[in-house]
Structure formats: C-alpha cells, structure tokens
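Okay, here's what each chain looks like letter by letter:
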Amino acid sequence: MRDLLIYNSLSNKKEIFEPIKEGYVGMYVCGPTVYSNVHLGNVRTFMSFDMIYRYFLHLGYKVRYVRNITDAGHLTDDSEEDKISTKARLEKLEPMEIVQKYTTDFHQILQKFNFLSPSIEPTATGHIIEQIEAIKTILKNGLAYEVNGSVYFDVLKYNETEHYGILSKRNIEDAIENTRALDGQSDKRNPQDFALWKKAEPEHIQRWNSPWGVGFPGWHLECTVMSTKYLGEVFDIHGGGMDLKFPHHECEIAQAQACNHQAPVRYWMHGNMLTMNGKKMSKSTGNNILPEEIFTGDNDNITKGYAPSVARFFMMQAHYRSVLDFSNDAIMASEKGHNRLMEALVVLESLKAEATSTLDVSAWKEKCYAAMSDDFNTPVLIAHLFEAVKWINLLKEGRESLMAQDLKLLLETLSVFVFDVLGLENTQESDDGSKKLDALVRILIDMRNEARENRDWALSDKIRDQLLAMGIQLKDGKEGTMYSIH
RNA sequence: GGCGUCAUGGCCGAGUGGCUAGGCAGGGCUCUGCAAAAGCUCGUACAGCGGUUCGAAUCCGCUUGACGCCUCCA
C-alpha cells in the first residue's frame, strides 16, 4: 500500500502514518459543547474528520473513532458559572434538558450533512468517576494540589521534567512574562495552572461528590479520560479544531503524561477555521451561520438556500488545514461545480463501452489516491475528479472511448471518491412526491415538443418560460429534453 | 506585547525551485427555431523590496497587510 502522509501538529511536518497496530486506527476528536446550536464553523472541523474517517475506512483500516459530547459545562470566567448552567437558568430548564436538546440538534444536523457516526460518542457526565480517578492519580504523582475544595494541575512542577507547550510551541517562561493582570481571586498557585476539579458554589447546578467535596470536573480532563479509556494510553490520532490546540490539547498532553508517564498521541491533527467576512466564526461574537440557515437561505449573508451536499462540497474544495472563508459568491460557485459533477456521474452510467480505450483510467485513479494520501488533499482530488468530468463529456460525444473494464473502473473509482470518501450526495433524490412531479414535467415537455414540431413557438416558449419562472429549467439536448429544479 | 499561520489571475481555492491545478465568472466556438442548458476552447496569476541560484511565485531576509492562539470556542 502507498504511504499515507499526515501533517502532525506536534512536529509541524508531514509524516508517514504508521499505526500502532497494523491495520487498525484509533482516532479521537474533540466534539461539541452542547449548550447551543452548532454553527457551520463547528461543522467544518467535524466534517474534515468525517472525511478522514471515511478515507481510512476506504483504505481498509479498522477504525475506532471516538468523538465526545461535552455536557459537563466549561467555566467561562471567575464567576463560577459555566455555560450549561447559565443557559439552563435562562431557559429555566434542567441542565440535562439543554444537553439533550442540543445533542439531538447536533445529531440531526450531522445526519443532513451525511456524516458517518463515530464508533463511540462518550459524554463527560458519563465519565465523572473516571475523571475523579485520574485526578487521584495526578495528585498521587505530585503534579496537582488541592486548594479549598478545588484541585489544580501544577504546570510549573510538570514543566520541570516535561515540556508544557510542546504542542503549541510555547515556553512556559514566556507565558509567565506575558501574563495579564492577576484577578486576585484565584486559588491557583500560578496563573498557568488549570483546574482538574472545581468546587461548586451553591448556585451551581451541575455538581457531583468527590473526595474534595461537591464540585465538577475541569475543562480538559474529560478528553484525557475518555480517549485513554476507549483507545488506550497511547493512540494513533487526536484531532480537533485549531483553536483547541492551546490550552485544551496542551493540557490533555500534560494530564496524560501525569497519569501514564508517556505521550498519549502519535499524530495530532488540527482542522483550520471557517471564517465569514474574514473573521473566525464564533458562537460568542455572533459571527456565524447555522446549518439550518444554509439549507433555507434564511441568513443575511446568503441570497438563497443550498443543499447540505453543496455545503459539504464547498468545504471539501479547501484543504482542511487552510482557513476557508464563507461567502455567498463562493458557495454559489461551489453549487454549480457540485451539480456539474453530479450530472457527469449520471451521464457516465449511460455510456457505452467501445473496443478500445483512449484514456488511461488506471493512471488517473492512481492520481486520486496520491492526492488523498498526501495529507487528505481533497481540493487536488476534486481537481482530478473534474478531469474525469471532462472525459465523460468527451466520451459522450464520441471523441474518446473506453473499453468495458475501463468504463467500469472509472465509474467505480469516481463513485468511491465522490460518495464514499467525500461523502457527497446526488441531491436529485427521488421520493414519491418528486416522482409525480417528474411525470408532470415530462407531460409538459411532450406538449412543448409537439408545439415545436408544429412550429408553434408562442406556445412552446410559454411552457418553457413559465416553468423557468417557477424554478424548473428545461434543457434541450441531442438525446431529448432534460430538466433541473432550482 | 508573546507565539504562530497566511498573502496566488475578476472571485473561490490547490500546488510547486524550471513542466496545465481545479471550480465559478468572462471571451470565442459547437449545438439550437430563438434562447437557455450543455459541451469544447482561451486567459497566464502568485503582496512589496532585497538576497541565494543557470533559473523563484516556489528557498532566505526585511517591509507591509490579514488572520489565529495567548480567556470559553471546532
């Protein structure tokens, strides 16, 4: 098998992927905090890893893909309030109601985008006991301290023997020098220390018993605990958005080292941000667009709705490690390209085999795999797919030819990459309603063609123009009239 | 202030020390009753200034600009 290159954020270069166990991949991706609807930026990261998961599966790896749900709430500031309880109070709901609501929303959105389900989707609240055990271990190993019902990770102590900042390429010394004004209220010995367990104030709703009193687990612990529980103390790939690199992933490394005395992850992968109007999409700033708004067009930044597969294609046209800027013009251009690709696939199925092949399908297929195996380069893959689109059209016109086996190989390979790996869908799916619509439109097409034969241009143009006005476009071609619905 | 990333043709967006990215838009052509659609085809870009080199958009330095992280964030 060809080498698979993966860009490792730990070394900042592409490395040949060598799984810990031949044929198996353990992959952990930081999931959403379920206190509001996921926006398109959140979706991008998960989609990148969905594509990566799909490619591994296609290559024949047995993949255990773990993507968590953060439902324990993260501290937002020193007010001892966390996101989930804040939202719960606002909506007068139980925290677990919030969690349920947005978890369901998350799943529905991903389903629309044609995501594959992860192998395990663990929750933070389902692993409180494991988190408490991890804290005990870190305390026992002398890398944490208890203050006033809370437990903090001792970053300076850790840094004496390990490098805190190994992933984000920071030096703790620099961080200390550049620390902002102290808040004065913290129990921390050093501002760089982070909470493993936090004492719950009376008004804090989410709370659990622990050896240090009633409280709740810290920001970063759940991922350490759940990844090692399901994938082992050392596993192949850990992914997440670029914005989690520091401090979240840095803390994960420190916690895992403190527990197990070894680096937990072989390959760290970070997806880049989706921006809009040149700025990062973010829940807190409001600079974001919801998936549902993409589908319906109900957002000031877009002029119409777009199918989930079109949004997916839009994202796959950029490399996962590049910043991608969302705009109406950009996704509209993607929609046209997406549809052209899908139409070529339909044409391909109707092509007839010839006695000779004038195109080298095997070499083309090889290029597709080479693109994907070079750090999952979907934009280059898509460029190759469009080369196939061009071929298909030339084949249709009889300007090139393929033997049966090459035709089959082209169809199979194209299907694999378009549907299995990129996870795109042909949006012209036919349900019962659309079948009836299809029959209706065909009747009108027949009537129009009769009118055309009678040179009754007034009638034929009327049928054409009125259908177009309601979004049904007729397309006259050599093989008869086709149509598409917009 | 610290750390880091990036600046590509009208737009989006890859890649690379010398050889076509690709998509969208635009020009030309084919098809067509006229259109539309579709197809074919064309364009020759890499922020600025230095340097290395036979040769750089691709490597190095500086400048400018943008963005990300440093605080919850995919």
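Nothing here was measured: the structure is a model prediction, and the numbers come from that model.

1. Things to note about the sheet that holds strand S12 (residues 279-280)
Then, in step 1: On the basis of which strands lie adjacent, the open sheet formed by 3 strands has the order S12-S11-S13 and mixed pairing. At either end of the open sheet lies a strand with only one pairing partner, and these are S12 and strand S13 (324-326).

2. Concerning the protein's contact with RNA strand B
Then, in step 1: Contacts to RNA strand B come from 60 residues, most closely from Gly241, Leu244, Lys279, Lys280 and Arg464.
Then, in step 2: A distance of 3.3 Å is found between a sugar or linking oxygen of RNA strand B and a backbone nitrogen or oxygen belonging to Gln317.
Then, in step 3: Between RNA strand B and Asn377 there is a distance of 3.3 Å, counted from a phosphate oxygen to a side-chain nitrogen or oxygen.
Then, in step 4: Going through the elements one at a time, helix H1 (40-58), strand S9 (235-241), S12, S13, helix H11 (328-349), helix H13 (378-396), helix H16 (457-469) and strand S14 (472-477) are the ones with two or more residues in the surface near RNA strand B.
Then, in step 5: Here the surface near RNA strand B takes 7 residues from H13, the largest share from any one element.
Then, in step 6: Grouping the amino acids of the surface near RNA strand B by side-chain chemistry returns 19 nonpolar, 22 polar and 19 charged.

3. Considering the pairing of S14
Then, in step 1: In this structure, S14 lies alongside strand S15 (residues 480-485), joined through 6 bridges in antiparallel fashion. Along S15, the bridge assignment pairs Leu474 with Tyr483.
Then, in step 2: In sequence, S14 turns back onto S15 through a hairpin of 2 residues.

4. Points about the sheet that holds strand S4 (residues 62-67)
Strand pairing in a sheet relies on backbone hydrogen bonds, with the paired strands running either antiparallel or parallel.
Then, in step 1: Across the sheet, 4 strands lie side by side as S4-S3-S9-S10; this open sheet has parallel pairing. Across the chains shown, the open sheet's two edge strands, defined by having one partner strand only, are S4 and strand S10 (265-271). Across the sheet, the mean angle separating the axes of adjacent strands is 20 degrees when strand polarity is ignored.
Then, in step 2: Where S9 meets S10, 6 bridges bridge the pair, whose relative direction is parallel. Looking at the pairing, His238 lines up with Trp268 of S10.
Then, in step 3: Packed on one face of the sheet, helix H7 (residues 221-231) meets strand S3 (24-29), S4 and S9 and runs near 165 degrees to S3.

5. Considerations on a nonpolar patch on the surface
Then, in step 1: A surface patch of nonpolar side chains, about 440 Å² in accessible area, is lined by Leu437, Leu440, Ile443, Met447 and Ile485.
Then, in step 2: Counting residues per element, the nonpolar patch draws most heavily on helix H15 (residues 432-453), at 4 residues.
Then, in step 3: On the basis of relative accessible area, Ile485 is assigned to the partly exposed category, the value being 38%.

6. Quick notes on the domain arrangement of chain A
Then, in step 1: By domain assignment, chain A separates into domain 1 (5-271), domain 2 (275-421) and domain 3 (432-485).
Then, in step 2: Summarising the inter-unit geometry, the C-alpha centres of domain 1 and domain 2 are found 33 Å apart.
Then, in step 3: The interface is formed by 35 residues belonging to domain 1 together with 36 residues belonging to domain 2.
Then, in step 4: Approximately 3200 Å² of surface area, both sides summed, lies buried where domain 1 meets domain 2, with 64% of it carried by carbon and sulfur atoms.
Then, in step 5: Considering only the side of domain 1, the residues that lose the most area to domain 2 are Leu40, Arg44 and Tyr55, jointly responsible for 24% of the buried surface there.
Then, in step 6: Taken together, domain 1 and domain 2 are joined by 4 salt bridges.
Then, in step 7: Its salt-bridge partner being Asp374, residue Lys14 comes within 2.9 Å of it at the nearest N-O pair.

7. Some remarks on the packing of aromatic side chains
Then, in step 1: Counted by the stated rule, this structure contains 19 aromatic pairs.
Then, in step 2: A ring pair is formed by Phe153 and Tyr158, whose centres lie 5.5 Å apart and whose planes are at 65 degrees; its orientation type is edge-to-face. Like Phe153, the residue Tyr158 is buried in the burial classification.
Then, in step 3: Aromatic pair Tyr369 and Phe417: ring centres 4.9 Å apart, planes at 70 degrees, arrangement edge-to-face. With a gap of 48 residues between them, Tyr369 in helix H12 (residues 361-373) and Phe417 in helix H14 (residues 404-421) connect regions that are remote in the sequence. As far as burial versus exposure is concerned, Tyr369 and Phe417 are alike and both buried.

8. Observations regarding the packing of helix H2 (residues 83-91) against helix H3 (residues 95-112)
Then, in step 1: Across the interface, H2 lies against H3 with an axial gap of 8 Å and an inter-helix angle of 100 degrees. By the angle between their directions, the pair H2 and H3 is classed as roughly perpendicular. Counting all contacts with H2, which are made through Ile84, Lys87, Ala88 and Glu91, the residues of H3 involved are Pro95, Ile98, Val99, Lys101 and Tyr102.
Then, in step 2: Among the residues making up the contact of H2 with H3, the classes are represented as 6 nonpolar, no polar and 3 charged.

9. Some words on the side chain of Thr45
Then, in step 1: In this fold, Thr45 is placed in helix H1.
Then, in step 2: Once residues lying within four places of it in the same chain are set aside, the contact partners of Thr45 are Gly240 and Gly241.

10. Digging into the pattern of salt bridges
Then, in step 1: This structure, assessed with the given rule, holds 20 salt bridges.
Then, in step 2: The partner of Arg54 in a salt bridge is Asp50, with the nearest N and O atoms 2.9 Å apart. Placement of the pair is Arg54 and Asp50 together in helix H1, with a separation of 4 residues, close to one helical turn.
Then, in step 3: Classification of Asp50 by relative accessible area gives buried; the value is 0%.
Then, in step 4: Connected through salt bridges with shared partners, the residues Asp50, Arg54 and Arg312 form a single ionic network.

Basis of the calculations
Numbering of residues starts from 1 in each chain and follows the order in which that chain's sequence is written. Ligands are numbered from 1 and chains lettered from A, in the order in which they are written. Side-chain atom pairs in this predicted model are given and counted only at pLDDT of 80 or more, local residue features only at pLDDT of at least 70, and totals for whole chains, interfaces and linings cover all residues. For the side-chain quantities, the full set of heavy atoms in the structure was used; hydrogens and water were omitted. Criterion used throughout: strands pair if DSSP finds at least two bridges between them. Helix numbering and strand numbering both begin at the N terminus, where a helix is a DSSP run of H or I of at least 4 residues and a strand a DSSP run of E of at least 2. Definition of nearness: a residue and a molecule or strand are near each other if at least one heavy atom of the residue lies within 4 Å of the molecule or strand. Each polar contact in these results corresponds to two N or O atoms within 3.5 Å; when the atoms are within protein, one needs to be able to donate a hydrogen and the other to accept it, and residues that are neighboring in sequence are counted only if both atoms are side-chain atoms. In the scheme used here, Gly and all other residues not listed as nonpolar or charged are polar, with Ala, Val, Leu, Ile, Met, Phe, Trp, Tyr, Cys and Pro taken as nonpolar and Asp, Glu, Lys and Arg as charged. Lines fitted to the C-alpha atoms define the axes, with helices restricted to the stretch that makes contact. Angles between their N-to-C directions range from 0 to 180 degrees. Pairs of residues are marked as contacts when any of their non-hydrogen atoms sit within 4.5 Å. Residues qualify for a patch when their relative accessible area is over 30% and they have no salt bridge, like charges being joined within 9 Å and the nonpolar side chains of Val, Leu, Ile, Met, Phe, Trp and Tyr within 5 Å. Computed with a 1.4 Å probe, the accessible areas rest on the Shrake-Rupley method; for each residue, only the protein chains presented here act as cover. Only one rule defines a salt bridge in this text: a Lys or Arg side-chain nitrogen within 4 Å of an Asp or Glu carboxyl oxygen. Burial classes follow relative accessibility: with a 1.4 Å probe on protein chains only, a residue under 20% of its type's maximum area counts as buried, one over 50% as exposed, and anything between as partly exposed. The domain limits used here are those given by an automatic or database domain assignment. What counts as buried area is the accessible surface, traced by a 1.4 Å probe, that two parts surrender upon association, with contributions from both included. Centre distance within 6.5 Å is the pairing criterion for rings of Phe, Tyr and Trp, where only the six-membered ring of Trp is used; planes under 30 degrees apart are then read as stacked, over 60 as edge-to-face, and the remainder as tilted. For classification purposes, angles smaller than 35 degrees are called roughly parallel, those larger than 145 roughly antiparallel, those between 65 and 115 roughly perpendicular, and all remaining angles oblique.

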